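# Remarks on the overall topology
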Amino acid sequence: MTEIPPLGVILAGGLATRMGGGDKGRLQVGGQSLLSRVVDRLSPQVSGLALNANGDPERFGDMGLPVIADSIEGFAGPLAGVLAGLDWAAEQGAEAIVTAAADTPFFPQDLVARLAAAAADMDHPLVMATTPRTGDEALKSGGGKRVNRHPAFGLWPVALRDDLRAALQDGLRKVVLWTDRHGGREAMFEADRFDPFFNINTPEDLTRAEALLK
């Protein structure tokens, strides 16, 4: 990797079905939208920022960010957003992107630095954020895995974008199947008080986020 920080892409293409649909990132926590909180947290860590969202891009006009849509038809999950980000980054002449989810307001402020550190000496930097399973979660079956993988938070190389496009066109949707295929690594983050990658999926999660802010 070069010394220049990667570009950042906020993934906001989800369907938000458990919140009744709409743009989940517009939900307010502590008087500020989730999306604004994610922008504030990610923008100091990257060299530029874009928003991956489908539908009318004008609804995000107030954010002042380029809005990039999925190029894969249908709802293809987070990997489609990653691909859209990689295509955008390629146009900027960048080598890599870091993605973050639009509904995850507490992710680490050293996310990019630690993903990049985990990618040291890789030909193509490909790293996913993980946290240890704690409490009852640690007892769950997981194929021997005692970590939670957070596929929306990763470092992705522009050099593999055509490979990713082909995989998506072949029907691949599970992030880890593709990252494992390319020797992807994991960067472990602490989850002492709570998992920093806790995301807002339900009204109950929104209430919990308000409590965490206090």
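Each value, and the rule that gives it
- Each chain has its residues counted from 1, following the order in which its sequence is written.
- Per-residue local features of the predicted model are confined to residues with pLDDT of at least 70, and side-chain atom pairs are confined, for both listing and counting, to 80 or more; whole-chain, interface and lining totals are unaffected and use all residues.
- Only hydrogens and water are set aside when side-chain values are computed; all heavy atoms of the structure are taken into account.
- The numbering of helices and of strands both runs from the N terminus, where a helix is a DSSP run of H or I of at least 4 residues and a strand a run of E of at least 2.
- A simple rule labels every residue: compare its accessible area, found with a 1.4 Å probe on the protein chains alone, to the largest value its type can have, and call it buried under 20%, exposed over 50%, or partly exposed in between.
- We call two residues contacting when some pair of their heavy atoms lies within 4.5 Å.
- Shrake-Rupley sampling with a 1.4 Å probe provides the accessible areas, and residues are treated as covered by the protein chains on show and by no other component.
- Orientation is described by axes fitted as lines to C-alpha atoms, over the contacting stretch for helices, and by angles from 0 to 180 degrees between their N-to-C directions.
- Orientation is classified from the angle alone, with under 35 degrees giving roughly parallel, over 145 giving roughly antiparallel, 65 to 115 giving roughly perpendicular, and any other angle giving oblique.
- By definition, turning the near helix anticlockwise from the far helix through less than a right angle yields a left-handed crossing, and turning it clockwise yields a right-handed one.
- As a working rule, the residues Ala, Val, Leu, Ile, Met, Phe, Trp, Tyr, Cys and Pro are called nonpolar, Asp, Glu, Lys and Arg charged, and the rest polar, with Gly in that last group.
- We call two N or O atoms a polar contact when they sit within 3.5 Å, provided that within protein one can donate a hydrogen and the other can accept it, with sequence-adjacent residues counted only if both atoms are side-chain atoms.
- Here, strands pair whenever DSSP counts at least two bridges between them.

## Digging into the overall build of the chain
From N to C terminus, the chain includes six helices and nine strands. Buried residues in the chain amount to 50% of all 214 residues. Across the chain, every contact between residues at least 6 apart in sequence was considered, and the portion connecting residues at least 24 apart equals 71%. Summed over its atoms, the accessible surface of the chain is roughly 10200 Å², and 49% of this surface lies on carbon and sulfur atoms.

## Brief notes about the packing of helix α2 (residues 78-91) against helix α4 (residues 161-169)
Closest axis-to-axis distance for the α2/α4 pair is 10 Å, and the angle between their directions is 150 degrees. Taken as axis vectors, α2 and α4 run roughly antiparallel relative to one another. The way α2 lies across α4 gives a crossing that is left-handed. On the side of α2, the interface is formed by Leu79, Ala80, Val82, Leu83, Leu86, Asp87 and Ala90, while α4 contributes Arg161, Leu164, Arg165 and Leu168. Looking at the contact of α2 with α4, its residues break down into eight nonpolar, no polar and three charged.

## Some points on the environment of aspartate 103
Secondary-structure assignment places aspartate 103 in the loop between β6 (96-101) and α3 (111-118). A relative accessible area of 11% means that aspartate 103 is categorised as buried. Residues aspartate 103 and arginine 26, 77 residues apart in the sequence, show an inter-C-alpha distance of 8.9 Å. With residues near it in sequence (within four places) discarded, aspartate 103 still touches Lys24, Leu34, Phe198, Asn199, Ile200 and Asn201. Among the polar contacts made by the side chain of aspartate 103, one reaches the side chain of lysine 24 at a distance of 2.7 Å. Side chain to side chain, aspartate 103 and asparagine 199 meet in a polar contact 3.4 Å long.

## Remarks on the pairing of strand β1 (residues 7-11)
Consecutive side chains along a regular strand alternate between the two faces of the sheet. Taken across its five residues, β1 has five buried, putting it largely inside the fold. Side chains Leu7, Val9 and Leu11 project from β1 onto one buried face, and the interleaved Gly8 and Ile10 project onto a second face that is buried too. Sheet topology places β1 next to strand β4 (residues 49-52); four bridges connect them, and they run parallel. Counterpart to glycine 8 in the pairing with β4 is leucine 49.

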